[in-house]
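# Summary of the model geometry
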Amino acid sequence: MDADAIIIGAGACGLMCAVQAGFLGKKVILLEKANQPGAKILISGGGRCNYTNLYATEEQFISANKHFLKSAFTQWTVEDTIGFFETYGITGQEKTLGQLFPENKNAKAIVELFRGLCQDMDQQIRCNAEVKEIHILEEGFTVSYEKGSKIFHLHAPKLVIATGGLPIPKMGATDFALRFARMHGLNIIETAPALVPLTITGKEEEWYARLSGNAVFCELSNDRISFEENLLFTHWGLSGPAVLQISSYWRKGESINVNLLPHQNISELIEKERAGNGKTLLSSLFNRLYTRKFTEALSKYLPVDKPVGALTKIEMEYIHQTIHLFKVKPAGDKGYDKAEVMRGGIDTRELSSKTLECKKIPGLYFGGECIDITGWLGGYNFQWAWASAFVIAQAL
Ligand code: FDA
């Protein structure tokens, strides 16, 4: 045997798993297809890495089995993540909504930390090593990988597949975990891009494109969920945190409700203005609430050039409806090229919730994004990657 375990994929989950296994005195070999470990960590959070969220619970995750991650989240908590990084000099700074980033440091520091710990504990990271095949033996596994143009073979009693999800193919994302799972009869929950910008086409396209670069704080909702954050207009549609969040709950053909003025009531604001100065133009009132560009764009739907005192009852109702229940029907999403994560993945029913060991293939573990656990935007996905890595390491 070449090691106690082989880990395929030196991303967030694989790296943390190697380190935690090292703490327990277990030797692992990490095989990474890319020329460096932690490529997605490096680009995460705009290069700053939003490595956890202070308020992470199972409520901010999408899965066909919502309770599955409870065990992992009990074994490895947000406090454990914070404590782990603090031990090695990375303290957290909350940006917004519980999102924790390294204080005065960036994503590189996180990857360097894992590299350093792996080196100190003699956990090998082999880069430019793409795993091509896995053979399940009576006892353990043979893993064949390509490095240069040569094929190498490794044997170990335990195997961890932490090859991530499908987003950003140009960074080398693969469907390795899904393909392997399918080949061995494991169920897959249908996958789709998540935390992804949405596109608008057709006759509305130009209206949205003209607003490109403008952001509006709003509440986006459908019958499943609602999010209050910024919506950003782009020349092809919609982006920004509110849109990325709801995209994970959006299905093609559905509309999204946009409340363009959460926490305030536009009818009341107009009534108040009317009582003071009925000559105020609706556009002047809107300019206090939105950018000029957005007010201009609203003129397509609303009588912005009218004095508030002259608005009819029907117009008032229509204004209320447009501001508080603006309907958007995206044409599609920007796909895996622009998605932050993948929705769906290996069905959790195939795995032990305590150790993430595959029930049908003892000794094999899946961790991180390849499993049907998808977090919201805001550090939740890394929290899952660290937690899944920890529980696997305990079982190796
Ligand atoms: P990850 O993708 O990190 O690692 C998988 C590794 O396996 C890769 O290095 C890949 O090269 C390797 N691999 C694949 N096939 C292989 C094979 N056959 N052989 C060998 N190696 C193979 N989340 C968050 O919580 N906070 C944030 O700030 C962000 N920001 C962010 C920005 C952007 C642009 C993206 C795309 C994503 C994020 N995320 C995020 C999501 C986060 O990056 C993601 O959830 C984790 O990286 C998932 O960790 P994994 O270890 O599962 O996969």
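Everything that follows concerns the structure shown earlier in this document.
Residues numbered from 1 in each chain as written. Predicted model: local features only at pLDDT ≥ 70, side-chain atom pairs only at ≥ 80, totals over all residues. Heavy atoms only, no water.

## Some points on a nonpolar patch on the surface
Together, F23, L24 and Y88 give the surface a local cluster of nonpolar side chains, amounting to about 270 Å² of exposed area. Tracing the sequence through the fold places F23 in helix α1 (residues 12-23). (Patch = residues over 30% accessible without salt bridge, like charges linked within 9 Å, V, L, I, M, F, W, Y side chains within 5 Å. Areas by Shrake-Rupley, 256 points an atom, 1.4 Å probe, with all protein chains shown as cover. Salt bridge = Lys/Arg side-chain N within 4 Å of Asp/Glu carboxyl O. Helix = DSSP H or I, 4+ residues; strand = E, 2+ residues; numbered from the N terminus.)

## A word on the site of the ligand
Around the ligand, the structure places 31 residues, and the nearest of them are C13, E32, T174, E369 and F382. Interatomic distance of 2.6 Å between a side-chain N/O atom of E32 and an oxygen atom of the ligand. Here a nitrogen atom of the ligand sits 3.0 Å away from a polar atom, N or O, in the main chain of V131. Protein coverage of the free-state accessible area of the ligand, which is 1,000 Å², stands at 93%. For the shell around the ligand, the elements supplying multiple residues, two or more each, are α1, α2 (39-43), β8 (130-136) and α13 (380-395). Ranked by residue count, the leading element in the shell around the ligand is α13, at three residues. Split by residue class, the shell around the ligand holds 14 nonpolar, 11 polar and six charged. (Near = heavy atom within 4 Å. Polar contact = N/O pair within 3.5 Å; in protein donor to acceptor, adjacent residues only side chain to side chain. Nonpolar A, V, L, I, M, F, W, Y, C, P; charged D, E, K, R; others polar.)

## Notes on helix α9 (residues 266-276)
Among all positions of α9, only I266, I270 and E273 are buried. The arc that holds every buried residue of α9, seen down its axis, measures 65 degrees, which confines them to one face. Away from the buried face of α9 by more than 90 degrees, exposed residues E268, K272, A275 and G276 are located. Tucked into the core, α9 has its buried residues touching α10 (282-289) and α12 (313-324). (Buried < 20%, exposed > 50% of the residue type's maximum accessible area, 1.4 Å probe, protein only. Arc of directions from axis to C-beta. Contact = heavy atoms within 4.5 Å.)

## A few points about the layout of surface pockets
Approximately 240 Å³ is the volume found for the second largest pocket. Forming the boundary of the second largest pocket are 13 residues, of which E204, Y301, F326, K327 and V328 lie nearest the centre. Those elements that place two or more of their residues in the lining of the second largest pocket are α12 and β18 (326-328). (1 Å grid on protein atoms, 1.4 Å probe; cavity = no way out; pocket = protein on both sides within 12 Å on 5 of 7 lines; lining within 4 Å. Points joined across faces, edges and corners; volume = space filled by probe spheres on them.)

## Concerning empty space enclosed by the protein
According to the stated counting rule, one finds one cavity of 30 Å³ or more in the structure shown. What the largest cavity holds in volume is close to 50 Å³. Looking at the lining of the largest cavity, the elements that each hand over two or more residues are α7 (205-210), β15 (226-234) and β18. Taken together, the residues of the lining of the largest cavity break down into nine nonpolar, no polar and no charged.

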